[in-house]
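A closer look at the structure
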Amino acid sequence: MPKIVDHDERRAEVLSAARRVIVRDGIDAATTRAIAKEAGYSNGVLAHYFADKDEILLSALRQSHQRIRARLTRKVEGVTGLAALREVLLDNLPLDGERTQESRLEVSFWSRSLASERLAEVQRAEADELRAAVRELLGQARAAGELRTDGNLDDLAEHLLALVDGLSLHLLLYPGRLTRVDLERLMLQALDRL
């Protein structure tokens, strides 16, 4: 009897392997050979599911974003304004093992996106979605009278997202300088100033 293969499961295994290689060894080390080895498959199996390395990388990034989006949706269910904004921003910081891996994956794609318009488009679309969510939550907070500042909400959104990116990058690059506790404290201070 022929072996029954769950194609969706196999594809997900390849993407999980790609994420592990990227997080552990860097995006340049994420060759199809390294990904196949990590997944326990041959290069031929990868070729069956993905056109090329870039498709694997894009799919791994999209899958990570989908998991983050689903987690955030659960966290902010029934919450609005500053409380929801706090959840969204803290969730985007590397405050635990899972989010540290997500941040490492994301940062790994930044430099590659500078040289690949296809990757850059995905990064921009995802960043635009997050920016829109932050902007919407700031608007909710202002409408509810939760903001002490009358600053431009677009500018506030940019500042908060730049803080998320900067703090995340600093923790990854300079782990002796900042701790996860520091990141959370600094983000909460920024929110308190609003």
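Read on for a plain summary of the structure.

Reading the values: the criteria
Residues numbered from 1 in each chain as written. Predicted model: local features only at pLDDT ≥ 70, side-chain atom pairs only at ≥ 80, totals over all residues. Heavy atoms only, no water. Helix = DSSP H or I, 4+ residues; strand = E, 2+ residues; numbered from the N terminus. Contact = heavy atoms within 4.5 Å. Areas by Shrake-Rupley, 256 points an atom, 1.4 Å probe, with all protein chains shown as cover. Lys, Arg positive; Asp, Glu negative; His and termini not counted. Charge placed at Lys NZ, Arg CZ, Asp CG, Glu CD. Buried < 20%, exposed > 50% of the residue type's maximum accessible area, 1.4 Å probe, protein only. Axes fitted to C-alpha atoms, helices over the stretch in contact; angles between N-to-C directions. Parallel < 35°, antiparallel > 145°, perpendicular 65-115°, else oblique. Left-handed = near helix turned anticlockwise from the far one by under 90°. Nonpolar A, V, L, I, M, F, W, Y, C, P; charged D, E, K, R; others polar. Salt bridge = Lys/Arg side-chain N within 4 Å of Asp/Glu carboxyl O.

Attention now moves to the overall build of the protein chain. Across its full length, the protein chain carries 9 helices and 0 strands. Listed N to C, the secondary structure of the protein chain is α-α-α-α-α-α-α-α-α in terms of helices and strands. Along the longest, intermediate and shortest principal axes, the C-alpha atoms of the protein chain span 65 × 40 × 30 Å. Put simply, of all contacts in the protein chain between residues at least 6 apart along the chain, 63% involve residues at least 24 apart. In the form shown here, the protein chain has an accessible surface area of approximately 10700 Å², with 52% of it arising from carbon and sulfur atoms. Within the protein chain, the 32 negative side-chain charges are centred at a point lying 5 Å from the centre of the 29 positive side-chain charges.

Once that is clear, we can look at the side chain of His65. As for its placement among the helices and strands, His65 is situated in helix α4 (residues 53–75). By relative accessible area, His65 is classed as buried at 7%. Setting aside residues up to four positions removed in sequence, His65 forms contacts with Glu106, Gln123 and Glu126.

With that settled, consider the packing of helix α8 (residues 153–173) against helix α9 (residues 180–193). Where α8 contacts α9, the axes come no closer than 10 Å and their chain directions differ by 165°. Between α8 and α9, the interaxial angle falls into the category roughly antiparallel. Seen from above, α8 lies across α9 with right-handed handedness. On the side of α8, the interface is formed by Leu160, Leu163, Val164, Leu167, Ser168 and Leu171, while α9 contributes Arg180, Leu183, Leu186, Met187, Ala190 and Leu191. Considered class by class, the residues forming the contact of α8 with α9 number 10 nonpolar, 1 polar and 1 charged.

With respect to the helices and strands, the residue Arg19 is situated in helix α1 (residues 7–25). Buried charge Arg19 goes without a salt bridge, the closest partner of opposite sign being Glu102 at 7.7 Å. The contact partners of Arg19, leaving out residues within four places of it in the chain, are Ala60, Gln63, Ser64, Arg67 and Leu105.

All quantities given are derived from atomic positions and should not be read as evidence of function.
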